[in-house]
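So you can see what is in the structure, the chains are spelled out below.
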Protein chains: 2
Amino acid sequence: MSTVAGYYTTQFGELWDKSLFDLVEEAMQGVIKNTKIKKESIDAIFFGNMLSGLLDNNLHASAKIAEILGVHVPVFRIESACASGGMAFHLANKYIESSSAKTVLVIGAEKMTDYSPEQTTKGLAAASSGEEQEVGLTFPGLYAMMAREYLTRFNYTEENLAYVSHKNHYHGSLNEKAHFKRKISVEQVLKSSYVADPLKVLDCAPISDGASAVLLTVDKKILKRNKHCKVLSSEAATDSISLKYRKSLDEIYSTKLAAQKAFQKAKIKPSDINVAELHDCFSIAELFAMEAIGFWKKGEAGKNIKELGTMFGSGGSLTVNTSGGLKAAGHPVGATGIKQIGEIYLQLTKQAKNRQVKAKYGLAQNVGGSGGTSVVTILSI
Amino acid sequence: MSTVAGYYTTQFGELWDKSLFDLVEEAMQGVIKNTKIKKESIDAIFFGNMLSGLLDNNLHASAKIAEILGVHVPVFRIESACASGGMAFHLANKYIESSSAKTVLVIGAEKMTDYSPEQTTKGLAAASSGEEQEVGLTFPGLYAMMAREYLTRFNYTEENLAYVSHKNHYHGSLNEKAHFKRKISVEQVLKSSYVADPLKVLDCAPISDGASAVLLTVDKKILKRNKHCKVLSSEAATDSISLKYRKSLDEIYSTKLAAQKAFQKAKIKPSDINVAELHDCFSIAELFAMEAIGFWKKGEAGKNIKELGTMFGSGGSLTVNTSGGLKAAGHPVGATGIKQIGEIYLQLTKQAKNRQVKAKYGLAQNVGGSGGTSVVTILSI
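Worth saying up front: this structure is predicted, and the values here are computed from it rather than measured. (Residues numbered from 1 in each chain as written. Chains lettered and ligands numbered in written order. Predicted model: local features only at pLDDT ≥ 70, side-chain atom pairs only at ≥ 80, totals over all residues. Heavy atoms only, no water.)

**Concerning the packing of helix 1 (residues 20–35) of chain A against helix 3 (residues 61–69) of chain A**
Residues and elements named next belong to chain A. Basically, it comes down to this: Here an angle of 0 to 180 degrees is reported between the N-to-C directions of two axes, which are lines fitted to C-alpha atoms, with helices fitted over the stretch in contact. Secondary structure elements follow DSSP: runs of H or I of four or more residues count as helices, runs of E of two or more count as strands, with numbering from the N terminus. For classification purposes, an angle smaller than 35 degrees is called roughly parallel, one larger than 145 roughly antiparallel, one from 65 to 115 roughly perpendicular, and anything else oblique. Helix crossings are classified by the rotation of the near helix relative to the far one: an anticlockwise turn of less than a right angle makes the crossing left-handed, while a clockwise turn makes it right-handed. Note on contacts: a residue pair qualifies if any of its non-hydrogen atoms lie within 4.5 Å across the two residues. Gly is placed with the polar residues, together with every amino acid not listed as nonpolar (Ala, Val, Leu, Ile, Met, Phe, Trp, Tyr, Cys and Pro) or charged (Asp, Glu, Lys and Arg).
The interhelical angle for the contact between helix 1 and helix 3, taken along N-to-C directions, is 55°, at an axis separation of 11 Å. In terms of orientation, helix 1 and helix 3 fall into the oblique class. Crossing of helix 1 over helix 3 shows right-handed handedness. Taken together, the residues of helix 3 that come into contact with helix 1 (itself represented by Phe-21, Val-24, Glu-25, Met-28, Gln-29 and Ile-32) are Ala-61, Lys-64, Ile-65, Ile-68 and Leu-69. Of the residues assigned to the contact of helix 1 with helix 3, the class counts are 8 nonpolar, 1 polar and 2 charged.

Written out as structure tokens, the structure is:
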């Protein structure tokens, strides 16, 4: 069974003085330094990234990363929209399970703020189908349709969504690497401007720069000198890219499937999880995740979130998005899936400082696009 | 040990009436039909593609492929410049070795001809480093520098390169799926216009559309009713993306490393190989490959190629690029690595018709950029 034995993340935010590969280099060197390994111990590298082709005209990151580190090992770029990081981790884990490597470096990174809003918006729309792009549906537009369906079906209002951002911004205020470190109230969310009705600007994750890296290993020497946690399972599933072919609009079905497989393999159940990083690209997405994973029953997330039992310090048995989530920690697309796993690693190995929860089992859920891809990873001490 | 149990390729060429995902669909359905499997037998899908983000504004092919096939299994897009197909195959093979899947569909595809030459040239330049792009180095320019170094060092002329295209176009004339089916003489190559001295237009692989797919499986039921060949090994290596950081200009060092690992794992030696598909994006690249893999000694490829012992019908023990190679079969970037493996599959399972050679062992070598990534796969009956 492979093990996460180290983590490093750059600051998330608007990092005007760093290029994509500056961030990649900082994250790689950071995790190498943190784990006190030599680069020669690394057998393979997986890189999760969405936009380097469109925004940096780089479509050969494998060789660029080999150049930066001065190594000749296999390097793989995995692209799966906003699930690029999670999918890279998933494949890195399978690579170790195939006995092809003992130690693998997994990096996720994105540089998004050096470009015009038109370029970034077009790039993000590439996660949706050609048909959806042609009719002018933006990314917030897709999630707005899903949110509207959910609110209508279960008789909720925008207030039910606002609690997600309130909670995650509180967590962001506890995370020095977060893009946004200020707390926001439910009222502030409700008073913010609409982006795509019913989603307002404070329901939406920001455009961020950042890179995160974890070290995955089965090497006992590395484990001996580093805090580590086990990868019980990492499972992926897909759904149609276009909303119109989905079974229903008010769920992330691919997360449901990936979670079922992940719990089956980990031999635990949702109620065993103490800490989770969920893909809250929009507030509604965290509610969908809570239901799809089985933490809460279908239709009840809108009600339950108002109790704030998943907020740090509430005393609840499950704390969600202690990093601040995508909403407050920021969403450098390719980095997100790795930062999620890194946050769970920090929590399980008691390195989460001022936001430390008591946890034996943790879960990370990373979503591509409007739910076309999901990866669910379960970790334990 | 996993097994290639089926192959389908679309026509390669200028396919004006097909989109990228039309080609992907044709290749997927083609291999499903050829192997008489139900889509429910497929546990995972790997997709090798370079340019879908830049040219099609699709950066979520995993979900698009799930939509086309109507499945929910994990789908992975692997991007590694011109080695995208080979790297997808490599990871698919490891995925089966990790016991995560019994049957995996591996597709490579590229749609390149619907765009302006500027767009395509910019896209292909994305395989080189930012520094190389900034100084105006094009892809033929990079290989021209490498070719010049080789010709000078070993005292060869452009004629030594021309034999590669002559041979591969003869093979293309035997392959109904090839982009170019006409034979060309050494004189015709030498008389063609310069693209980047010493490389002329007939030294260069074309811009093509196409998709290829193979079925990789350990499922005995599928093997029972399909011709198949074994994957003895599939190994990858990298080098710096920029030429200026390489040990030398007149070799593909990453191929040397990948081949060494692949032969070690397969427990055979280069002289055992009877048929090989090598990455002849430019004529010089086939000579580099022959030397890096160990078929010929360093510096001797320029001389040896003139004997045409690797041409179909020569009676030599090793025939190279029976598909026509990238030069004549065409080079739809992501498809190339899969077509190479498909061609070896056809040869080993005696389905290569008018270009059938006698072969027990076959090898495919797929290169990214100017040699920043290499994958070497060894197959046997």
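**A short note on the interface of chain B and chain A**
For clarity, the cut-off: A carboxyl oxygen of Asp or Glu within 4 Å of a side-chain nitrogen of Lys or Arg is what we treat as a salt bridge. In protein, a polar contact means a hydrogen-donor-capable atom and an acceptor-capable atom, both N or O and within 3.5 Å, with residues adjacent in sequence counting only if both atoms are side-chain atoms; elsewhere, any N or O pair within 3.5 Å suffices. Note on pairing: two strands pair once DSSP finds at least 2 bridges between them.
With 55 residues of chain B at the interface, the matching set in chain A holds 55 residues. On the surface where chain B and chain A come into contact, there are 2 salt bridges. One can count 32 residue pairs in polar contact (both at pLDDT 80 or more) joining chain B with chain A. Those elements giving two or more residues to the side of chain B that touches chain A turn out to be helix 2 (52–56), helix 3 (61–69), strand 3 (75–79), helix 4 (84–97), helix 5 (117–125), helix 6 (130–134), strand 8 (229–238) and helix 11 (253–266) of chain B. Sort the elements by how many residues they give to the side of chain B that touches chain A and helix 4 of chain B lands first, with 6 residues. A breakdown of the residues in the side of chain B that touches chain A according to their chemical character gives 26 nonpolar, 19 polar and 10 charged. Here strand 3 (residues 75–79) of chain A pairs with strand 3 of chain B via 3 bridges, running antiparallel. Following the sheet pairing, Glu79(A) is matched in strand 3 of chain B by Arg77(B).

**Looking at the environment of Pro140(A)**
All names here are of chain A. Going by this rule: Only protein chains enter the calculation, and the probe is 1.4 Å; a residue is then buried if its accessible area is under 20% of its type maximum, exposed if over 50%, and partly exposed in between.
With respect to the helices and strands, the residue Pro-140 is situated in helix 7 (residues 139–153). Owing to a relative accessible area of 19%, Pro-140 belongs among the buried residues under this scheme. In sequence terms Pro-140 and Leu-59 are 81 residues apart; their C-alpha atoms lie 27 Å from each other. Not counting residues within four places of it along the chain, the set of residues in contact with Pro-140 comprises Val-195, Ala-196, Leu-199 and Phe-282.

**Observations concerning the side chain of Thr238(B)**
With respect to the secondary-structure elements, Thr238(B) resides in strand 8. Discounting residues that sit within four places of it in the chain, Thr238(B) has contacts with Ser62(A), Ala66(A), Val71(A), His72(A), Val73(A), Pro74(A), Val75(A), Ser254(B), Gly372(B) and Thr373(B).

**Overview of unusual backbone geometry**
The residue after Asp197(A), namely Pro198(A), is reached through a cis peptide bond having omega 10°. Its place among the elements puts Pro198(A) in the loop between strand 5 (194–196) and strand 6 (199–200). Of note in the backbone geometry, Ala81(A) takes a positive phi value of approximately 50° without being a glycine. Inspection of the secondary structure puts Ala81(A) in the loop between strand 3 and helix 4 (84–97). The backbone of Asn155(B) sits at a positive phi, close to 60°, despite the residue not being glycine. On the accessibility criterion, Asn155(B) (71% relative accessible area) is exposed.

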